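# Observations on chain architecture
One-letter residues, chain by chain:
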Amino acid sequence: MQKITPFLWFDDNAEEAAQYYLGIFPNSKILKVVRYTEAGPGPAGKVLTVNFELDGREFTALNGGPQFKFSEAISFVVSCETQAEIDRLWGALAVDGKEGQCGWVRDKYGLWWQLVPRILPELLGGGDRARAARAMQAMMKMSKLDIAALRDA
């Protein structure tokens, strides 16, 4: 068990969201589902929390009600090796969601993801400041990040 676990507040679709994410990320599984009892506050038998892993990283999702929504203030960075990986994840996460700028995408549950090529820090922070500036300028014009275009910049 990891020491710090992201805790995600959903309205009433935590289990549905967890299953959705399991279909997108490899090495993922449901660890435990806890249901409300007769003690409430939700209806007995309804899902309270879902503990799950995405690519080996543990998360907890709560059916907490409509009081709180996700925003860009919290997002998950996914370090991608290839353009094919970025394309696959982008295609899955953007369905019924929203494409953002610079590799950001909001999924249909409102959670924000940053799909980032593993090489990006090198391109943006390498010793060649002019090259880094060109890569930054190129990135700022992109929605889904394009590794080849970033390298070419």
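The text that follows walks through the structure, step by step, so that each part is easy to find. Numbering of residues begins from 1 in every chain and follows the order in which that chain's sequence is written. Two thresholds apply to this predicted model, a pLDDT of at least 70 for residue-level local features and 80 or more for giving and counting side-chain atom pairs, whereas whole-chain, interface and lining totals are computed over all residues. Each side-chain value is worked out from all heavy atoms of the structure, with water and hydrogens disregarded.

### Focus on unusual backbone geometry
Of the consecutive residues G40 and P41, the connecting peptide bond is found in the cis state with omega at 5°. Of note in the backbone geometry, N27 takes a positive phi value of approximately 55° without being a glycine. Numbered from the N terminus, helices here are DSSP runs of H or I no shorter than four residues, and strands are runs of E no shorter than two. Among the structural elements, N27 can be located in the loop between α1 (14–22) and β2 (29–35). For N27, a relative accessible area of 55% puts it in the exposed group. For D96, which is not glycine, the phi torsion reads 60° and is therefore positive. Structurally, D96 is set in the loop between α2 (83–93) and β6 (98–99). Only protein chains enter the accessibility calculation, which uses a 1.4 Å probe. A residue is then buried if its area is under 20% of the maximum for its type, exposed if over 50%, and partly exposed in between.

### Notes on the nonpolar core
Residue types Ala, Val, Leu, Ile, Met, Phe, Trp, Tyr and Cys, when buried and joined through side-chain atoms within 4.5 Å, form a set referred to as a nonpolar core. Counting residues in each nonpolar core, the largest one holds 30 residues, and the members touching the most others are F10, Y21, F25, F52, L54, W113 and L115. Of all the elements in the fold, those that place two or more residues in this core are β1 (7–10), α1, β3 (47–54), β4 (57–63), β5 (75–80), α2 and β8 (112–117). The element that contributes the greatest number of residues to this core is α1, accounting for six residues. Contacts of F10, omitting those with residues within four sequence positions, involve A17, Y21, A61, L62, N63, G64, G65, F70 and Y109. Residue contacts are counted whenever heavy atoms from the two residues lie within 4.5 Å of one another.

### Let's talk about the layout of surface pockets
Within this model, the largest pocket holds a volume of roughly 370 Å³. Residues are said to line a cavity or pocket when one of their atoms sits within 4 Å of a point; the points come from a 1 Å grid over protein atoms alone, cavities being sets where a 1.4 Å probe fits but cannot get out and pockets being open sets with protein on both sides within 12 Å along at least five of seven lines. Lining the largest pocket are 14 residues, with F25, L54, D55, V77 and V78 sitting closest to its centre. Secondary structure elements with two or more residues in the lining of the largest pocket: β4, β5 and α2. Take the lining of the largest pocket: its biggest share by element is four residues, from β5. Grid points are joined across faces, edges and corners, and a volume is the space filled by probe spheres set on the points. By volume, the second largest pocket is sized at about 160 Å³. As for the second largest pocket, its lining consists of W9, F10, D11, N13, F68, K69, F70, Y109 and G110. Partitioning the lining of the second largest pocket into residue classes produces five nonpolar, two polar and two charged. Residues were grouped as follows: Ala, Val, Leu, Ile, Met, Phe, Trp, Tyr, Cys and Pro as nonpolar; Asp, Glu, Lys and Arg as charged; and all remaining residues, including Gly, as polar.

### Describing the sheet that holds β6
With respect to topology, four strands assemble into an open sheet ordered β5-β8-β7-β6, the strand pairing being mixed. One side of each edge strand has no neighbouring strand; the edge strands of this open sheet are β5 and β6. Running over the sheet, α2 touches β5, β6, β7 (104–106) and β8 and is turned about 165° from β8. Any two strands with at least two DSSP bridges between them are considered paired. Note on definitions: angles span 0 to 180 degrees between N-to-C directions of axes, and those axes are lines fitted to C-alpha atoms, for helices only across the stretch in contact.

### What about the pattern of salt bridges?
Definition used for salt bridges: Asp or Glu carboxyl oxygen within 4 Å of a side-chain nitrogen of Lys or Arg. All chains considered together, the criterion is met by two salt bridges. The partner of R118 in a salt bridge is E81, with the nearest N and O atoms 2.2 Å apart. Taken as a pair, R118 in the loop between β8 and α3 (120–125) and E81 in the loop between β5 and α2 lie far apart in primary sequence, 37 residues in all. When the shortest N-O distance is used, the salt bridge between D87 and K144 registers 3.0 Å. Pair noted here: D87 is in helix α2 and K144 is in the loop between α4 (129–140) and α5 (147–152), with a separation of 57 residues, a long-range link.

### What to know about the packing of aromatic side chains
Geometry of an aromatic ring pair is reported as the spacing of the ring centres plus the angle between the planes. In summary, the pairing rule links any two rings of Phe, Tyr or Trp, Trp by its six-membered ring, whose centres are within 6.5 Å, and it sorts them by plane angle into stacked for under 30 degrees, edge-to-face for over 60 and tilted for everything else. Per the stated rule, a full pass over the model turns up twelve aromatic pairs. For the ring pair F76 and W113, a centre distance of 5.5 Å and an interplane angle of 45° mean the geometry is tilted. Residue F76 is located in strand β5, and its partner W113 is located in strand β8; the two are separated by 37 residues in the primary sequence. Judged by its relative accessible area of 15%, F76 falls in the buried class. When its relative accessible area of 3% is taken as the criterion, W113 is described as buried.

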